[in-house]
Amino acid sequence: MTPAATYAATPPGNCRAVVCPFERVSKPGDSMSRGTPRLFLTRQGGQGGGGVAYAGPHPALLRPAGQGSGSKGDGDGGGGFGGGRGRGRAGGWRRRRRMDSRVSELFGGCCRPGGGPTVGGTLKARGAGSSSGCGGPKGKKKNGRNRGGKANNPPYLPPEAEDGNIEYKLKLVNPSQYRFEHLVTQMKWRLQEGRGEAVYQIGVEDNGLLVGLAEEEMRASLKTLHRMAEKVGADITVLREREVDYDSDTPRKITEVLVRKVPDNQQFLDLRVAVLGNVDSGKSTLLGVLTQGELDNGRGRARLNLFRHLHEIQSGRTSSISFEILGFNSKGEVVNYSDSRTAEEICESSSKMITFIDLAGHHKYLHTTIFGLTSYCPDCALLLVSANTGIAGTTREHLGLALALKVPFFIVVSKIDLCAKTTVERTVRQLERVLKQPGCHKVPMLVTSEDDAVTAAQQFAQSPNVTPIFTLSSVSGESLDLLKVFLNILPPLTNSKEQEELMQQLTEFQVDEIYTVPEVGTVVGGTLSSGICREGDQLVVGPTDDGCFLELRVCSIQRNRSACRVLRAGQAATLALGDFDRALLRKGMVMVSPEMNPTICSVFEAEIVLLFHATTFRRGFQVTVHVGNVRQTAVVEKIHAKDKLRTGEKAVVRFRFLKHPEYLKVGAKLLFREGVTKGIGHVTDVQAIAAGEAQANMGF
């Protein structure tokens, strides 16, 4: 049964169904088979502090719900359906303490509010004697069964999916030649699905049962896996090992292995991370420590290499968008400027590159931050929060931007060396409360160990609702390695099918930056939205003020300051245009294939939601519209079916650009603001105009 199909059942009353697909019924004679999904119900609006609520598309993620005034599960907040001592039997609501114990055993306490994972998540064997979930003595259960003995309930992972880059293998001991070739083909498929990365779980059955292997069998299986990786030109790294103490007197282990191979048509794997956070929270300092390899001195020395302007150095505040790179080699080791002198050397030594987009934190530069989020298409965002100030300034606004644009994000709490432990814990609790609010619906996961970082990276990629929280210091270096482990393991968040579909389309490059480089000429920077771009390609750029597109030629391409001959969809780069006149270019233009016959518009319609407005939103109101790399003032011409809008209302609105026409596509995300007024939506219709009509259509 697929995860989507398991949600077909609708329970009666005010309950909500949640399916846990990896849990086996404990009673040996139960009719449910191994791996059969279990159904839980949660009461909505209850007072108690128990219950389990589904928090995202991945059914293996559970979180406590119904936080309220109840104690020890005596409130009305939840419990399992068909409670009682035997799981799966009919009869009353299960008490909260038992359910919290079950969830903590399954996830190592990662779902407890106010506390992070103590064991690291999905690979923890239930019944292994952890007291993190229920606070009891080691080796004992709260319900009184199996006191001092081994668990009789096998631990499970979610069943193996046919798609994706995660592969389960029970064992790989002395395969035949035919079987070996089949395994190699399978590895190629998983690497393709993960765009160069795959995770192998050795000692796990296809249905997710954690069986484990003896030491000799595990050694033989890892040797076979190494041969398979050599065959496809990949490298393997053991991420973690876990002992499974289930119905066996001999120690049995499960090993999680990362397989990484740079695709033949790429120089390295690429991941773009936008850095958000309030002013003075330590964004540039953290990036300086990560990319330079040296800790900060407490007075901002690490951030000096990131600033682009003199006034930034003098004030210590970022006002522009800058890019920094952090590399990882095939074995997961960090490659940065401490080992390499130039960006070219970092690119040559790395099999995976993290490109950080350092955005401004001050409210005065909010338009620059929005432009960075909408135009550079980050894979995810890093929200930095200072431990001593908590959620302050533009932190909530940046969080709202990430949610509105549907950019997955994780949180880093910095400056923990300046605060007492209680202050850090208070800041983390504050973040957890905000993340659990109805507007966010996130599952906070506090990362406290390397094991947690591995689990967080995998869960973050599988479900957009999981939000890892790191606490670290850029001065003492405390917990800095956990963030590096997370970034190393974090897989690309777009699958290979989407990438292939985009590459089949015609070329479209968004112009975000324009430079003039001596002896090179005009250079433009941006992101390739679709298609493939090669050196020597003939493209057209526009629209100009009169709506025309001009021909040009791509002379050379660079990615992360190193030469590149071919650019593929989703990749960011700079293109040298030779002696093309820079005065004819501006931010917001697109470079497209001549066969595309691009259409432009000065009038478009969008379905919007007004997030906030002090009074009423009416015809004639002017706002700054952000659509991808387009940023321009537009006036509201018409609100369909309504005369005015108030905060929280939804409508289809017709906008007209004030300065010049733009290239827009139906379905593009839209964000507009003016002062405190904010709204989001998507483009529903564009009124295409010809080049000659552009000037006439710009009037009212």
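Residues numbered from 1 in each chain as written. Predicted model: local features only at pLDDT ≥ 70, side-chain atom pairs only at ≥ 80, totals over all residues. Heavy atoms only, no water.

As annotated in an unreviewed UniProt entry, the protein is GTP-binding protein 2 from Callithrix jacchus. Quoted verbatim from the Sequence similarities (unreviewed entry) field of the UniProt record, the comment on the protein reads "Belongs to the TRAFAC class translation factor GTPase superfamily. Classic translation factor GTPase family. EF-Tu/EF-1A subfamily." (UniProt positions renumbered as here; feature names shortened; annotations may be inferred.)

Draft legend 1. Structural context of the overall build of the protein. Looking only at helices and strands, one finds 13 helices and 34 strands in the protein. At a minimum sequence separation of 6, the contacts of the protein that also span at least 24 residues come to 68%. Carbon and sulfur atoms make up 49% of the accessible area of the protein, which totals about 29800 Å². (Helix = DSSP H or I, 4+ residues; strand = E, 2+ residues; numbered from the N terminus. Contact = heavy atoms within 4.5 Å. Areas by Shrake-Rupley, 256 points an atom, 1.4 Å probe, with all protein chains shown as cover.)

Draft legend 2. Broad picture of the sheet that holds strand β29 (residues 622-627). In spatial order, the strands read β27-β32-β30-β29-β33-β34; together these six strands close into a barrel with antiparallel pairing. Direction aside, neighbouring strands of the sheet carry axes that sit 45° apart on average. As defined by bridge partners, β29 adjoins strand β30 (residues 630-639) across six bridges and the pair is classed as antiparallel. Across the sheet, the residue bridging to T624 is T633, located in β30. (Pairing = 2+ DSSP bridges. Axes fitted to C-alpha atoms, helices over the stretch in contact; angles between N-to-C directions.)

Draft legend 3. The layout of surface pockets, seen in detail. The space that makes up the second largest pocket amounts to roughly 820 Å³. Of all the elements in the fold, those that place two or more residues in the lining of the second largest pocket are β9 (269-277), β10 (322-328), β12 (352-358), β17 (508-517), β18 (521-530), β22 (556-559) and β25 (572-576). Sorting elements by how many residues they give to the lining of the second largest pocket places β25 first, with five residues. Of the residues assigned to the lining of the second largest pocket, the class counts are 15 nonpolar, 10 polar and seven charged. (1 Å grid on protein atoms, 1.4 Å probe; cavity = no way out; pocket = protein on both sides within 12 Å on 5 of 7 lines; lining within 4 Å. Points joined across faces, edges and corners; volume = space filled by probe spheres on them. Nonpolar A, V, L, I, M, F, W, Y, C, P; charged D, E, K, R; others polar.)

Draft legend 4. Region of the structure containing the confidence of the model for the protein. For the protein, per-residue confidence averages 77 on the pLDDT scale, and 73% of positions sit at 70 or higher. Here residues 1-151 is modelled with pLDDT under 50, and outside its nearest four sequence neighbours on either side it reaches 307 contacts, counting other chains as well. (pLDDT = per-residue confidence, 0-100.)

Draft legend 5. View of the nonpolar core. By size, the foremost hydrophobic cluster in this structure holds 45 residues, and its most contacted members are L286, F356, F410, V412, L483, F486 and L487. With seven residues, helix α11 (residues 480-489) is the largest single contributor of residues to this core. Among the nonpolar cores identified, the runner-up in size contains 34 residues, and A274, I391, L399 and I416 belong to it. (Core = buried A, V, L, I, M, F, W, Y, C linked by side-chain atoms within 4.5 Å. Buried < 20%, exposed > 50% of the residue type's maximum accessible area, 1.4 Å probe, protein only.)

Draft legend 6. Layout of the side chain of S281. Here S281 lies in the loop between β9 and α4 (283-292). Judged by its relative accessible area of 3%, S281 falls in the buried class. From its side chain, S281 meets the backbone oxygen of N278 in a polar contact 2.7 Å long. Residues contacting S281, with those up to four places away along its chain left out, are L384, S386, S414 and K415. (Polar contact = N/O pair within 3.5 Å; in protein donor to acceptor, adjacent residues only side chain to side chain.)

Draft legend 7. Summary view of the pairing of strand β13 (residues 380-386). A large share of β13 lies buried, amounting to seven of its seven residues. Residues C380, L382, L384 and S386 line one face of β13 and the alternating positions A381, L383 and V385 line the opposite face, and both faces are buried. Here β9 runs beside β13; their pairing, made up of five bridges, is parallel. The partner of G277 across the bridge, within β13, is L384. Two elements, β13 and strand β14 (residues 409-414), share six bridges in a ladder whose sense is parallel. Bridge pairing in β14 places L383 opposite I411. The handedness of the β13 to β14 crossover, carried by helix α8 (residues 395-404), is right-handed. (Right-handed = clockwise from strand over helix to strand, strands pointing away.)

Draft legend 8. Molecular detail of the environment of V590. Here V590 lies in strand β26 (residues 590-592). Sequence-distant contacts of V590, that is, excluding residues within four places in its chain, are made with F509, V540, V541, G542, F549 and Y663.

Draft legend 9. Quick look at the pattern of salt bridges. Throughout the structure, instances matching the rule amount to 21 salt bridges. Note that E217 is salt-bridged to K171, the shortest N-O span being 3.6 Å. In this pair, E217 is assigned in helix α3 (residues 215-232) and K171 in the loop between β5 (166-169) and α2 (177-193), connecting sequence segments 46 residues apart. For D270, the salt bridge is made with R559, and the minimal N-O distance between the two is 2.9 Å. On the criterion of sequence distance, the pair formed by D270 in strand β9 and R559 in strand β22 is long-range, its members being 289 residues apart. Assigned by exposure class, D270 and R559 land together as buried. Among the ionic contacts, a cluster of salt bridges with common partners joins E160, E167, K169 and R190. (Salt bridge = Lys/Arg side-chain N within 4 Å of Asp/Glu carboxyl O.)

Draft legend 10. A look at the sheet that holds β9. An order of β11-β10-β12-β9-β13-β14-β16-β15 is seen for the eight strands of this open sheet, with the pairing classed as mixed. Whereas interior strands pair on both sides, the edge strands pair on one side only; in this sheet they are β11 (334-335) and β15 (443-446).

Draft legend 11. Representation of the packing of helix α10 (residues 450-462) against α11. Where α10 contacts α11, the axes come no closer than 8 Å and their chain directions differ by 35°. In the crossing of α10 with α11, the sense of the turn from one axis to the other is right-handed. Residues E450, A453, V454, A456, A457 and F460 of α10 pack against L482, V485, F486 and I489 of α11. (Left-handed = near helix turned anticlockwise from the far one by under 90°.)

Draft legend 12. Seen up close, unusual backbone geometry. Here the amide bond leading from G542 into P543 is cis, since omega sits at -5°, within 30 degrees of zero. Position of P543 relative to the elements: it lies in the loop between β20 (538-542) and β21 (550-553). Look at K406: it is not a glycine, yet its phi comes out positive at around 60°. Along the chain, K406 turns up in the loop between α8 and β14.

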